[in-house]
Amino acid sequence: MDPLTPILSETWDADRSWTLDAYVAQGGWQGLAKALAQPPADVVQVVKDSGLRGRGGAGFPTGMKWGFLPAPDGGPRYLVVNADESEPGTCKDIPLMLASPQLLIEGVAITSYAIGCDHAFIYVRGEVLHVYRRLLRAVEEAYAAGYLGKNIQGSGFDLDVTVHAGAGAYICGEETALLDSLEGLRGQPRLKPPFPAVAGLYARPTVVNNVESVASVPAIVNHGSDWFTSMGTERSAGHGLFSLSGHVVRPGQYEAPLGITLRELLDMAGGVRGGNRLKFWTPGGSSTPLFTDAHLDTPLDYESVAAAGSMLGTRALQIFDETTCVVRAVSRWMDFYAHESCGKCTPCREGTYWLKQILRRIETGAGTEGDLDVLLDTCDNILGRAFCALGDGATSPVTSSIALFRDEFEAHITGRGCPFDPSAAALFDYTPRRAPQALTAGAH
């Protein structure tokens, strides 16, 4: 039996699937009509009953998050969709917005109705200009068809939607930094409390949800909470997009119930390239602790992955075979985190910089016997001490890779260089460039 469950991706292969006509022909916008026919509180309740958990990485119950908004006081309240997808390996929201933007917009309309919002924002990563343009056009079509604007479908419900392009900062994927950026400020995390539900955008009650979370709402309203809970596991209900990339024969988006295993997904994806052995993989993107082939049968749900020592995150399954140098991979990720740290807090700003330098030093053969202890000590001084999760996430691949592959790190140090051929791990032919020299300060 094929475990794939095409729901979010059901219309992706339709002709010009991104247009409103194609979406309506596939049954689109029926969820909004059904939502408008019932009180907003009932819509909130069906989402609560469905057990839908935030698909942006944290897995917080979506309906519960909506319920945190204070009672209406006559002022505005906002919905902000976090479409700032930018972590290495995470690539589910961008294809969803490209292939089916109307699904997201319908989810925005239903969510806004449920929480009493009359102005919603979709914050898109600025580099993905093609997605930004497609969303703008989709919003125009929805306005023209009467799904957005004044007195939607004669219900008396008004909603405006603004699509906003960010300036290209990974930190703006953190919800409070995103809100600051949306207000025109420098994108940096805010201290919490107050939480966005109480004082978010423009200091008003705000719900911040991920693209996939909001896009899951129309089907839940259409089919009911029991339909949704019939998939997945008891505490991780429903379906989700699993993004397979790297050393896999058929990379791509695989939509399946939560609780599926990597072994099942790899079988559908043709396995690891060239018949090679799986060496390590990420269950939820580069900010989650690494797994190995020993975790092939770990159910990919929030509880099982956490019990095994990692996080489900964004279900960004990056697959690495035996040709890959784990030191090189982690070093490249750390280059990203050091570059994207906003610099607001000292542990992350200074810690990611030194993690980057030490990893590069080890990779280039200039590492010392004490470097591994320094790496772990630096991670200890970042974890739990930063304003947001960027610092914590940056430590995950370092600590987990040393725990799983300490001998490989030591081989770089004692052998004075990397024992792997970097071109063997590449997906295409290329001439390796000489790695930049690492700083030697701090060497023991």
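As a reminder, the structure under discussion sits directly above these lines.
Residues numbered from 1 in each chain as written. Predicted model: local features only at pLDDT ≥ 70, side-chain atom pairs only at ≥ 80, totals over all residues. Heavy atoms only, no water.

1. Structural notes on the sheet that holds strand β2 (residues 119–124)
Then, in step 1: Sheet architecture is open: four strands sit in the order β3-β2-β1-β4, paired in parallel fashion. Whereas interior strands pair on both sides, the edge strands pair on one side only; in this sheet they are β3 (160–165) and β4 (206–210). Across the sheet, the mean angle separating the axes of adjacent strands is 20° when strand polarity is ignored.
Then, in step 2: The pairing of strand β1 (residues 78–83) with β2 spans six bridges and is classified as parallel. Bridge pairing in β2 places N82 opposite Y123. (Pairing = 2+ DSSP bridges. Helix = DSSP H or I, 4+ residues; strand = E, 2+ residues; numbered from the N terminus. Axes fitted to C-alpha atoms, helices over the stretch in contact; angles between N-to-C directions.)

2. Describing the sheet that holds strand β8 (residues 291–292)
Then, in step 1: Strands sit in the order β6-β5-β9-β7-β8 across an open sheet of five strands; the sheet is mixed. Only two strands of the sheet have a single partner each, and these edge strands are β6 (252–257) and β8.
Then, in step 2: In the sheet, strand β5 (residues 239–246) pairs with β6 via six bridges, with the strands oriented antiparallel. When the sheet's bridge partners are listed, L244 is paired in β6 with G252.
Then, in step 3: Across the sheet, helix α14 (residues 326–340) lies against β7 (278–282) and β9 (316–321), angled at about 15° from β7, the strand it touches most. (Contact = heavy atoms within 4.5 Å.)

3. Section: the pairing of β1
Then, in step 1: Burial of β1 is extensive: six of the six residues sit out of reach of the surface.
Then, in step 2: In β1, alternate side chains face the same way, and those of Y78, V80 and N82 on one face and L79, V81 and A83 on the other are all buried.
Then, in step 3: Looking at chain direction, β1 and β4 are connected through five bridges and run parallel. Note on β4: the bridge partner recorded for Y78 is T206. (Buried < 20%, exposed > 50% of the residue type's maximum accessible area, 1.4 Å probe, protein only.)

4. Regarding empty space enclosed by the protein
One simple way to see leftover space: roll a probe sized like a water molecule over the atoms.
Then, in step 1: According to the stated counting rule, one finds one cavity of 30 Å³ or more in the structure shown.
Then, in step 2: Taken together, 13 residues line the largest cavity, and the ones lying closest to its centre are S341, C342, C345, C348 and C388. (1 Å grid on protein atoms, 1.4 Å probe; cavity = no way out; pocket = protein on both sides within 12 Å on 5 of 7 lines; lining within 4 Å. Points joined across faces, edges and corners; volume = space filled by probe spheres on them.)

5. Regarding unusual backbone geometry
Negative phi values dominate among residues other than glycine, just as trans dominates among peptide bonds.
Then, in step 1: Note that the residue after K192, namely P193, is joined by a cis bond; omega there is 0°.
Then, in step 2: Mapping P193 onto the fold places it in the loop between α8 (175–182) and β4.
Then, in step 3: Look at the link from P193 to P194: it is a cis peptide, with omega at 5°.
Then, in step 4: Mapped onto the secondary structure, P194 falls in the loop between α8 and β4.
Then, in step 5: Non-glycine residue A203 carries a positive phi angle of around 60°.
Then, in step 6: Note on placement: A203 falls in the loop between α8 and β4.
Then, in step 7: Relative accessible area serves as the criterion here: at 55%, A203 is assigned to the exposed category.
Then, in step 8: One non-glycine residue with positive phi stands out, namely R315, at about 55°.
Then, in step 9: Its relative accessible area of 0% is what places R315 among the buried residues.

6. Quick look at the environment of P196
Then, in step 1: Along the polypeptide, P196 turns up in the loop between α8 and β4.
Then, in step 2: According to the relative accessible area criterion, P196 is buried, its value standing at 6%.
Then, in step 3: Discounting residues that sit within four places of it in the chain, P196 has contacts with E175, T176, L179, R204, P205, T206 and V208.

7. Digging into the packing of helix α16 (residues 371–382) against helix α17 (residues 389–414)
What describes two packed helices is the angle between their axes and the distance between those same axes.
Then, in step 1: Where α16 meets α17, the closest approach of the two axes is 10 Å, and the angle between their N-to-C directions is 170°. Our classification of the angle between α16 and α17 gives roughly antiparallel. In this structure, α16 uses L372, D373, L375, L376, C379 and I382 to contact α17, whose residues at the interface are G391, D392, T395, V398, T399, I402, R406, F409, E410 and I413.
Then, in step 2: Looking at the contact of α16 with α17, its residues break down into nine nonpolar, three polar and four charged. (Parallel < 35°, antiparallel > 145°, perpendicular 65-115°, else oblique. Nonpolar A, V, L, I, M, F, W, Y, C, P; charged D, E, K, R; others polar.)

8. What to know about the state of the cysteines
Then, in step 1: Under the defined criterion, the tally for this structure stands at zero disulfides.
Then, in step 2: Not part of a disulfide, C325 finds its nearest cysteine sulfur in C418, a span of 3.6 Å.
Then, in step 3: Free of any disulfide, C342 has its nearest neighbouring cysteine sulfur in C345, separated by 6.3 Å. (Disulfide = S-S within 2.5 Å.)

9. What about the layout of surface pockets?
Then, in step 1: There is about 580 Å³ of room inside the second largest pocket.
Then, in step 2: Forming the boundary of the second largest pocket are 20 residues, of which F320, R328, R332, A425 and A426 lie nearest the centre.
Then, in step 3: Every element with two or more residues in the lining of the second largest pocket is listed here: β9, α14 and α18 (422–425).
Then, in step 4: A per-element tally of the lining of the second largest pocket places α14 first, with four residues.
Then, in step 5: In terms of residue class, the lining of the second largest pocket is built from twelve nonpolar, five polar and three charged.

10. Section: a nonpolar patch on the surface
Then, in step 1: On the surface, a cluster of nonpolar side chains totalling about 290 Å² of accessible area is made up of F60, M64 and F68.
Then, in step 2: Mapped onto the elements, F68 comes out in the loop between α4 (62–67) and β1. (Patch = residues over 30% accessible without salt bridge, like charges linked within 9 Å, V, L, I, M, F, W, Y side chains within 5 Å. Areas by Shrake-Rupley, 256 points an atom, 1.4 Å probe, with all protein chains shown as cover. Salt bridge = Lys/Arg side-chain N within 4 Å of Asp/Glu carboxyl O.)

11. Side note on the nonpolar core
Here is a general trend for soluble globular proteins: nonpolar side chains tend to be buried in one another's company.
Then, in step 1: Residues W29, L104, V108, I122 and L159 are the most contacted members of the largest nonpolar core, which totals 57 residues.
Then, in step 2: Residue contributions to this core peak at nine residues, all from helix α6 (residues 101–115).
Then, in step 3: Beyond its immediate chain neighbours, meaning those up to four positions away, I122 contacts V81, A83, L104, V108, L135, V161, T162, V163 and H164.
Then, in step 4: Counting residues in each nonpolar core, the second largest holds 44 residues, with Y78, C172, L178 and V208 among its members. (Core = buried A, V, L, I, M, F, W, Y, C linked by side-chain atoms within 4.5 Å.)

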